[in-house]
Amino acid sequence: FFPGSIQKKNFLSSLTQSLLLDLENSSSIKFAKEFKKSLDEKQIVLYFDDPELQKIIDSFYWSGRTIKAPCTPDVKNCITDYAFPIDANLGINKANFFLNRSLDLKITIDDQGRLHNTFSLVFNNDSQNVFPGGTYRNYFQLYLPRNTLIKTITIDGVLVEDFTEENDRYKKIGLLIEVKPKTVAELKINYELAESLKKGKNIYQLIIQKQIGASNSDLVMRLFIPKNIHLLNQNFSALVKD
């Protein structure tokens, strides 16, 4: 792009016309399946002016809104945990295309019922040091439950002190991370939830939201509980015993 250029506009117009032409020759059944898959994977999101129609779209999580799932009213002790990682490429390149991510969430509950989490992301920049690749300059943000206590943030084991932190509807953490071509960087954020488990029966629900348009990434969740706490129910089975 340069001032006065219409190349970008012409490219997008040609791309849209090609997509529309291909739709005419596509299988309706296959198109419907792929369209739903793109909605489920947050590659496409929908918005309507009609509030009733939008409410239906929201119920399927196809609108891309930040999720706030309240506990059911009949549950006395309930904790909602939440993590929403967001990337923003600030480099003038397309390094995102060459980037692979893997996520790891370690949840440790101590014998007092406090929840200590470690959210880790590994960024693997597989691009060359030429356009459209290059250094991945990422302004990374992580949305967490409100009033979460941030303990430490590290990149490749080095303590990060230059980051933003704000409390609104969510706790928002923001920092700059750079990943050079053909290198790997690991970001770790250690934090403690404001709420803790109470004596008796508790509900713990975890929501991890995916960024719109992001590629699918591996996620490993590990839960460690003390001997005085017992797990009664789960909505997916564990891969490792106990």
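The structure displayed is predicted, hence computed values, not measured ones.

1. Looking at helix H2 (residues 28-40)
Consideration 1: The terminal C-alpha atoms of H2, which comprises 13 residues, lie 18 Å apart, in line with the 18 Å expected from a rise of 1.5 Å per residue.
Consideration 2: Positive phi shows up at Lys42, right after H2, with a value of about 65 degrees.

2. A look at the pattern of salt bridges
Consideration 1: What the rule picks out here adds up to ten salt bridges.
Consideration 2: The shortest N-O distance in the salt bridge between Arg101 and Asp87 comes to 2.5 Å. Separated by 14 residues along the polypeptide, Arg101 in strand S2 (residues 99-109) and Asp87 in the loop between strand S1 (78-86) and S2 bring together distant segments of the chain.
Consideration 3: A relative accessible area of 16% means that Arg101 is categorised as buried.
Consideration 4: Taking relative accessible area as the criterion, Asp87 reaches 12% and is therefore assigned buried.

3. Observations concerning a nonpolar patch on the surface
Consideration 1: On the surface, Met221, Leu223, Ile225, Leu231 and Phe236 cluster together into a nonpolar patch covering about 440 Å² of accessible area.
Consideration 2: Locating Leu231 in the fold gives a position in the segment after strand S11 (218-224).

4. A look at unusual backbone geometry
Consideration 1: Geometrically, the link from Phe131 to Pro132 is a cis peptide bond, its omega value of 10 degrees lying close to zero.
Consideration 2: Its place among the elements puts Pro132 in the loop between strand S3 (114-125) and strand S4 (136-144).
Consideration 3: Notably, Asp156 is not glycine yet its phi reads approximately 55 degrees, a positive angle.
Consideration 4: Within the secondary structure layout, Asp156 lies in the loop between strand S5 (149-155) and strand S6 (158-159).
Consideration 5: Not every positive phi belongs to a glycine, and Lys182 is a case in point at roughly 60 degrees.
Consideration 6: By the secondary structure assignment, Lys182 is in the loop between strand S8 (171-179) and strand S9 (183-196).
Consideration 7: Looking at Lys182, the relative accessible area reads 48%, which means it is partly exposed.

What counts and what doesn't
- Residues numbered from 1 in each chain as written.
- Predicted model: local features only at pLDDT ≥ 70, side-chain atom pairs only at ≥ 80, totals over all residues.
- Heavy atoms only, no water.
- Helix = DSSP H or I, 4+ residues; strand = E, 2+ residues; numbered from the N terminus.
- Expected span 1.5 Å × (residues − 1).
- Salt bridge = Lys/Arg side-chain N within 4 Å of Asp/Glu carboxyl O.
- Buried < 20%, exposed > 50% of the residue type's maximum accessible area, 1.4 Å probe, protein only.
- Patch = residues over 30% accessible without salt bridge, like charges linked within 9 Å, V, L, I, M, F, W, Y side chains within 5 Å.
- Areas by Shrake-Rupley, 256 points an atom, 1.4 Å probe, with all protein chains shown as cover.

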